[in-house]
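Listed below are the residues making up each chain.
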Amino acid sequence: MIVSTGANGRGGGAIRVEGDRWHVTLAGMLGDHPPTDPVGFAAFANTISSPDIHDIVTSSEPLDEAVPHRFRSPVRRRFERLGTVPQGFLVLGDALCSFNPLYAQGMAVAAQQVMALRDCLHDGAESADLPTRFYSAASKVVDVAWQLSAGADLSHPGVLGPRTPRTRLTNAYVARVQRAAHVDPLVARTFLRVANLVEPPTALLHPRIASRILLRGNARPVAPPDFGGQPSVDRTPILTEPTR
Ligand SMILES: Cc1cc2nc3c(=O)[nH]c(=O)nc-3n(C[C@H](O)[C@H](O)[C@H](O)COP(=O)(O)OP(=O)(O)OC[C@H]3O[C@@H](n4cnc5c(N)ncnc54)[C@H](O)[C@@H]3O)c2cc1C
(Lines give C-alpha, C1' and ligand atoms only; values in the text may rest on other atoms or scores of the structure.)
Protein backbone atom coordinates (compact mmCIF):
# COMPACT_ATOMS: atom_id res chain seq x y z
CA MET A 1 0.00 0.00 0.00
CA ILE A 2 1.42 3.37 -0.97
CA VAL A 3 -0.15 6.67 0.05
CA SER A 4 1.37 9.43 -2.06
CA THR A 5 2.31 12.70 -0.45
CA GLY A 6 -0.78 14.87 -0.14
CA ALA A 7 -1.12 18.63 -0.04
CA ASN A 8 0.52 18.65 3.41
CA GLY A 9 3.62 16.91 1.98
CA ARG A 10 3.04 13.79 4.07
CA GLY A 11 2.69 10.23 2.82
CA GLY A 12 3.66 6.67 3.61
CA GLY A 13 3.76 3.04 2.66
CA ALA A 14 3.01 -0.33 4.24
CA ILE A 15 4.26 -3.70 3.05
CA ARG A 16 2.95 -6.97 4.44
CA VAL A 17 5.87 -9.27 5.23
CA GLU A 18 6.26 -12.80 6.60
CA GLY A 19 5.16 -13.67 10.12
CA ASP A 20 1.99 -11.57 9.73
CA ARG A 21 3.92 -8.38 10.22
CA TRP A 22 3.82 -5.05 8.42
CA HIS A 23 6.78 -2.92 7.44
CA VAL A 24 5.49 0.65 7.70
CA THR A 25 7.14 3.83 6.44
CA LEU A 26 5.95 7.39 7.03
CA ALA A 27 7.45 10.37 5.26
CA GLY A 28 7.36 14.13 5.40
CA MET A 29 9.26 16.74 3.47
CA LEU A 30 11.12 20.01 3.91
CA GLY A 31 12.00 19.33 7.56
CA ASP A 32 8.65 17.80 8.53
CA HIS A 33 10.00 14.56 10.05
CA PRO A 34 7.67 11.83 11.39
CA PRO A 35 8.23 11.22 15.11
CA THR A 36 9.78 7.86 16.01
CA ASP A 37 7.91 7.26 19.30
CA PRO A 38 4.80 5.04 18.92
CA VAL A 39 2.27 7.72 19.94
CA GLY A 40 3.77 10.40 17.71
CA PHE A 41 4.17 7.89 14.87
CA ALA A 42 0.47 6.95 15.03
CA ALA A 43 -0.56 10.62 15.26
CA PHE A 44 1.51 11.41 12.15
CA ALA A 45 -0.06 8.42 10.33
CA ASN A 46 -3.45 9.97 11.07
CA THR A 47 -2.55 13.08 9.05
CA ILE A 48 -1.89 11.40 5.68
CA SER A 49 -4.55 11.40 3.00
CA SER A 50 -5.81 7.83 3.51
CA PRO A 51 -6.69 6.16 6.86
CA ASP A 52 -5.32 2.73 5.94
CA ILE A 53 -1.80 3.09 7.36
CA HIS A 54 -3.13 4.66 10.55
CA ASP A 55 -5.49 1.65 10.88
CA ILE A 56 -2.56 -0.74 10.57
CA VAL A 57 -0.39 1.16 13.05
CA THR A 58 -3.11 1.45 15.68
CA SER A 59 -4.34 -2.15 15.36
CA SER A 60 -0.83 -3.64 15.67
CA GLU A 61 1.87 -3.63 18.29
CA PRO A 62 5.25 -2.10 17.45
CA LEU A 63 8.03 -4.70 17.28
CA ASP A 64 10.80 -2.13 17.60
CA GLU A 65 11.57 1.57 17.65
CA ALA A 66 10.97 3.36 14.35
CA VAL A 67 14.24 4.09 12.56
CA PRO A 68 14.64 7.63 11.17
CA HIS A 69 16.18 8.26 7.78
CA ARG A 70 16.74 11.80 6.53
CA PHE A 71 17.56 12.60 2.96
CA ARG A 72 18.95 16.08 2.52
CA SER A 73 19.05 16.43 -1.25
CA PRO A 74 19.82 14.52 -4.42
CA VAL A 75 23.49 14.78 -5.45
CA ARG A 76 24.83 14.39 -8.98
CA ARG A 77 28.58 14.32 -9.58
CA ARG A 78 29.51 15.32 -13.11
CA PHE A 79 32.49 13.07 -13.86
CA GLU A 80 31.65 13.39 -17.58
CA ARG A 81 32.65 17.08 -17.36
CA LEU A 82 36.14 16.39 -15.98
CA GLY A 83 38.93 17.12 -18.45
CA THR A 84 41.06 14.29 -17.09
CA VAL A 85 39.58 11.31 -15.29
CA PRO A 86 41.57 8.98 -13.03
CA GLN A 87 42.62 5.77 -14.79
CA GLY A 88 41.79 2.38 -13.30
CA PHE A 89 38.95 3.88 -11.29
CA LEU A 90 35.22 4.05 -12.06
CA VAL A 91 32.41 5.57 -10.07
CA LEU A 92 28.84 4.34 -10.42
CA GLY A 93 25.59 3.95 -8.49
CA ASP A 94 24.81 6.39 -5.71
CA ALA A 95 28.42 7.63 -5.73
CA LEU A 96 27.77 8.99 -9.22
CA CYS A 97 24.24 10.18 -8.54
CA SER A 98 22.00 9.67 -5.52
CA PHE A 99 18.31 10.29 -6.05
CA ASN A 100 15.51 11.26 -3.72
CA PRO A 101 14.40 7.79 -2.44
CA LEU A 102 10.76 8.87 -2.84
CA TYR A 103 11.02 8.14 -6.56
CA ALA A 104 12.53 4.65 -6.05
CA GLN A 105 14.98 4.98 -8.96
CA GLY A 106 18.45 4.41 -7.46
CA MET A 107 18.80 0.67 -8.00
CA ALA A 108 17.21 0.79 -11.44
CA VAL A 109 19.58 3.56 -12.56
CA ALA A 110 22.58 1.73 -11.04
CA ALA A 111 21.57 -1.35 -13.07
CA GLN A 112 21.25 0.78 -16.23
CA GLN A 113 24.74 2.16 -15.58
CA VAL A 114 26.07 -1.38 -15.30
CA MET A 115 24.52 -2.17 -18.69
CA ALA A 116 26.19 0.94 -20.11
CA LEU A 117 29.49 -0.26 -18.59
CA ARG A 118 29.01 -3.69 -20.19
CA ASP A 119 28.64 -2.02 -23.60
CA CYS A 120 31.71 0.17 -22.99
CA LEU A 121 33.77 -2.88 -22.00
CA HIS A 122 32.53 -4.67 -25.09
CA ASP A 123 33.79 -1.76 -27.23
CA GLY A 124 37.28 -1.86 -25.70
CA ALA A 125 38.07 -3.02 -22.18
CA GLU A 126 41.75 -2.10 -22.30
CA SER A 127 41.52 1.31 -23.99
CA ALA A 128 42.61 4.39 -22.04
CA ASP A 129 39.39 6.24 -22.83
CA LEU A 130 37.20 3.64 -21.08
CA PRO A 131 36.33 5.95 -18.10
CA THR A 132 35.51 8.86 -20.45
CA ARG A 133 33.27 6.66 -22.60
CA PHE A 134 31.59 5.21 -19.53
CA TYR A 135 30.88 8.58 -17.87
CA SER A 136 29.46 9.90 -21.11
CA ALA A 137 27.14 6.86 -21.48
CA ALA A 138 26.22 6.90 -17.78
CA SER A 139 25.31 10.58 -17.90
CA LYS A 140 22.65 9.85 -20.55
CA VAL A 141 21.18 7.16 -18.29
CA VAL A 142 21.24 9.46 -15.26
CA ASP A 143 19.77 12.40 -17.23
CA VAL A 144 16.38 10.73 -17.64
CA ALA A 145 15.87 9.82 -13.99
CA TRP A 146 17.37 13.13 -12.79
CA GLN A 147 15.00 15.16 -14.91
CA LEU A 148 12.04 13.11 -13.64
CA SER A 149 12.88 13.25 -9.93
CA ALA A 150 15.00 16.35 -9.25
CA GLY A 151 12.80 18.25 -11.71
CA ALA A 152 9.64 17.08 -9.95
CA ASP A 153 11.07 18.13 -6.56
CA LEU A 154 11.40 21.65 -7.94
CA SER A 155 7.64 21.82 -8.49
CA HIS A 156 7.37 22.27 -4.68
CA PRO A 157 7.79 25.99 -3.96
CA GLY A 158 9.81 25.30 -0.77
CA VAL A 159 12.54 23.32 -2.56
CA LEU A 160 15.70 25.32 -3.27
CA GLY A 161 17.17 25.16 -6.76
CA PRO A 162 17.14 26.85 -10.14
CA ARG A 163 13.93 26.49 -12.18
CA THR A 164 14.94 26.55 -15.82
CA PRO A 165 12.27 27.09 -18.50
CA ARG A 166 12.66 23.38 -19.32
CA THR A 167 11.93 22.41 -15.70
CA ARG A 168 8.84 24.62 -15.57
CA LEU A 169 7.54 23.35 -18.90
CA THR A 170 8.17 19.71 -17.96
CA ASN A 171 6.46 20.10 -14.58
CA ALA A 172 3.45 21.83 -16.15
CA TYR A 173 3.16 18.98 -18.65
CA VAL A 174 3.59 16.28 -15.97
CA ALA A 175 0.87 17.94 -13.86
CA ARG A 176 -1.40 17.65 -16.90
CA VAL A 177 -0.34 14.03 -17.39
CA GLN A 178 -1.23 13.23 -13.79
CA ARG A 179 -4.67 14.84 -14.09
CA ALA A 180 -5.33 12.95 -17.33
CA ALA A 181 -4.13 9.73 -15.64
CA HIS A 182 -7.05 9.99 -13.21
CA VAL A 183 -9.50 9.35 -16.04
CA ASP A 184 -7.47 7.68 -18.80
CA PRO A 185 -5.96 4.23 -18.11
CA LEU A 186 -3.64 4.40 -21.13
CA VAL A 187 -2.13 7.69 -19.92
CA ALA A 188 -1.88 6.28 -16.37
CA ARG A 189 -0.11 3.15 -17.63
CA THR A 190 2.30 5.10 -19.82
CA PHE A 191 3.10 7.53 -16.99
CA LEU A 192 3.86 4.65 -14.60
CA ARG A 193 6.10 2.99 -17.19
CA VAL A 194 8.00 6.27 -17.68
CA ALA A 195 8.25 6.98 -13.93
CA ASN A 196 9.60 3.46 -13.40
CA LEU A 197 12.15 3.91 -16.22
CA VAL A 198 10.65 1.17 -18.42
CA GLU A 199 9.90 3.63 -21.23
CA PRO A 200 11.65 6.93 -22.07
CA PRO A 201 9.88 10.22 -21.22
CA THR A 202 9.30 10.75 -24.95
CA ALA A 203 6.59 8.04 -24.67
CA LEU A 204 4.44 10.76 -23.07
CA LEU A 205 4.91 12.94 -26.17
CA HIS A 206 3.79 10.30 -28.66
CA PRO A 207 0.85 11.80 -30.60
CA ARG A 208 -1.51 8.98 -29.48
CA ILE A 209 -0.76 9.73 -25.80
CA ALA A 210 -0.16 13.50 -26.05
CA SER A 211 -3.58 14.05 -27.63
CA ARG A 212 -5.24 12.24 -24.71
CA ILE A 213 -3.16 14.29 -22.24
CA LEU A 214 -4.11 17.56 -23.90
CA LEU A 215 -7.79 16.57 -24.08
CA ARG A 216 -8.08 15.17 -20.55
CA GLY A 217 -5.39 17.09 -18.68
CA ASN A 218 -7.95 19.37 -17.08
CA ALA A 219 -9.90 16.45 -15.64
CA ARG A 220 -10.96 16.70 -12.03
CA PRO A 221 -9.80 13.80 -9.84
CA VAL A 222 -12.25 10.90 -9.80
CA ALA A 223 -13.84 10.19 -6.42
CA PRO A 224 -12.65 6.88 -4.96
CA PRO A 225 -15.13 3.98 -5.15
CA ASP A 226 -17.70 3.84 -2.37
CA PHE A 227 -16.85 0.95 -0.06
CA GLY A 228 -20.10 1.43 1.89
CA GLY A 229 -18.28 3.18 4.70
CA GLN A 230 -15.98 0.18 5.24
CA PRO A 231 -12.23 0.81 5.21
CA SER A 232 -10.41 -0.79 2.30
CA VAL A 233 -7.80 -2.29 4.64
CA ASP A 234 -7.96 -5.73 6.22
CA ARG A 235 -8.75 -5.10 9.89
CA THR A 236 -7.78 -8.59 11.07
CA PRO A 237 -5.61 -8.22 14.19
CA ILE A 238 -2.27 -8.32 12.48
CA LEU A 239 0.00 -9.92 15.03
CA THR A 240 -2.38 -12.48 16.51
CA GLU A 241 -3.73 -14.31 13.46
CA PRO A 242 -0.88 -15.41 11.19
CA THR A 243 -1.72 -15.75 7.51
CA ARG A 244 -1.67 -19.37 6.32
C1 LIG B 1 15.08 4.90 2.15
C2 LIG B 1 15.53 4.49 0.77
C3 LIG B 1 14.64 3.84 -0.08
C4 LIG B 1 15.05 3.47 -1.39
N5 LIG B 1 14.15 2.83 -2.19
C6 LIG B 1 14.53 2.48 -3.44
C7 LIG B 1 13.63 1.80 -4.31
O8 LIG B 1 12.48 1.50 -3.94
N9 LIG B 1 14.06 1.49 -5.56
C10 LIG B 1 15.31 1.78 -6.00
O11 LIG B 1 15.66 1.46 -7.15
N12 LIG B 1 16.20 2.42 -5.19
C13 LIG B 1 15.83 2.77 -3.93
N14 LIG B 1 16.73 3.41 -3.11
C15 LIG B 1 18.06 3.75 -3.62
C16 LIG B 1 19.00 2.54 -3.54
O17 LIG B 1 19.02 2.01 -2.23
C18 LIG B 1 20.40 3.02 -3.92
O19 LIG B 1 20.32 3.72 -5.16
C20 LIG B 1 21.36 1.84 -4.09
O21 LIG B 1 21.46 1.13 -2.88
C22 LIG B 1 22.74 2.36 -4.52
O23 LIG B 1 23.65 1.30 -4.56
P24 LIG B 1 25.19 1.56 -4.40
O25 LIG B 1 25.83 0.22 -4.49
O26 LIG B 1 25.62 2.62 -5.35
O27 LIG B 1 25.39 2.19 -2.96
P28 LIG B 1 25.07 1.56 -1.53
O29 LIG B 1 23.93 0.58 -1.62
O30 LIG B 1 24.94 2.71 -0.59
O31 LIG B 1 26.36 0.72 -1.20
C32 LIG B 1 27.56 1.36 -0.80
C33 LIG B 1 28.24 0.41 0.19
O34 LIG B 1 29.55 0.91 0.45
C35 LIG B 1 29.79 0.80 1.83
N36 LIG B 1 30.83 1.78 2.19
C37 LIG B 1 30.70 3.13 2.32
N38 LIG B 1 31.87 3.69 2.63
C39 LIG B 1 32.78 2.68 2.71
C40 LIG B 1 34.16 2.63 2.98
N41 LIG B 1 34.88 3.73 3.24
N42 LIG B 1 34.76 1.42 2.99
C43 LIG B 1 34.07 0.29 2.70
N44 LIG B 1 32.74 0.28 2.44
C45 LIG B 1 32.10 1.47 2.42
C46 LIG B 1 28.46 1.08 2.49
O47 LIG B 1 28.39 0.53 3.79
C48 LIG B 1 27.50 0.34 1.52
O49 LIG B 1 27.34 -1.01 1.87
C50 LIG B 1 16.36 3.78 -1.82
C51 LIG B 1 17.25 4.43 -0.95
C52 LIG B 1 16.84 4.79 0.32
C53 LIG B 1 17.83 5.51 1.22
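Now for a quick tour of the structure.

## Considering the packing of helix α6 (residues 185–195) against helix α7 (residues 207–216)
Phase 1: One can describe the packing of α6 onto α7 by two numbers: an axis separation of 10 Å at closest approach and a directional angle of 115°. Of the two possible hands of crossing, α6 and α7 adopt the one that is left-handed. Here α6 contributes Leu186, Val187 and Thr190 to the contact with α7, which in turn contributes Arg208, Ile209, Arg212 and Ile213.
Phase 2: Here the contact of α6 with α7 is composed, by residue class, of 4 nonpolar, 1 polar and 2 charged.

## Comments concerning the site of the ligand
Phase 1: Taken together, His69, Gly93, Asp94, Pro101, Ala104, Gln105, Gly106, Met107 and Ala108 are the residues near the ligand.
Phase 2: The contact in question runs from an oxygen atom of the ligand to an N or O atom on the side chain of Asp94, over 2.6 Å.
Phase 3: Here a nitrogen atom of the ligand sits 3.4 Å away from a polar atom, N or O, in the main chain of Ala104.
Phase 4: Notes on the ligand: free accessible area 990 Å², of which the protein chains cover 33%.
Phase 5: A class-by-class count of the residues in the shell around the ligand yields 4 nonpolar, 4 polar and 1 charged.

## Considerations on the sheet that holds strand β2 (residues 11–17)
By way of backbone hydrogen bonds, the strands of a sheet pair with one another, either parallel or antiparallel.
Phase 1: Strand order across the open sheet formed by 3 strands is β1-β2-β3, with antiparallel pairing between neighbours. Looking along the sheet, the strands with just one partner apiece sit at the ends: β1 (2–3) and β3 (21–27).
Phase 2: Pairing between β1 and β2: 2 bridges, direction antiparallel. Within the sheet, the bridge partner assigned to Ile2 lies in β2 and is Gly13.

Thresholds, definitions, all that
- Residues numbered from 1 in each chain as written.
- Predicted model: local features only at pLDDT ≥ 70, side-chain atom pairs only at ≥ 80, totals over all residues.
- Heavy atoms only, no water.
- Axes fitted to C-alpha atoms, helices over the stretch in contact; angles between N-to-C directions.
- Helix = DSSP H or I, 4+ residues; strand = E, 2+ residues; numbered from the N terminus.
- Left-handed = near helix turned anticlockwise from the far one by under 90°.
- Contact = heavy atoms within 4.5 Å.
- Nonpolar A, V, L, I, M, F, W, Y, C, P; charged D, E, K, R; others polar.
- Near = heavy atom within 4 Å.
- Polar contact = N/O pair within 3.5 Å; in protein donor to acceptor, adjacent residues only side chain to side chain.
- Areas by Shrake-Rupley, 256 points an atom, 1.4 Å probe, with all protein chains shown as cover.
- Pairing = 2+ DSSP bridges.

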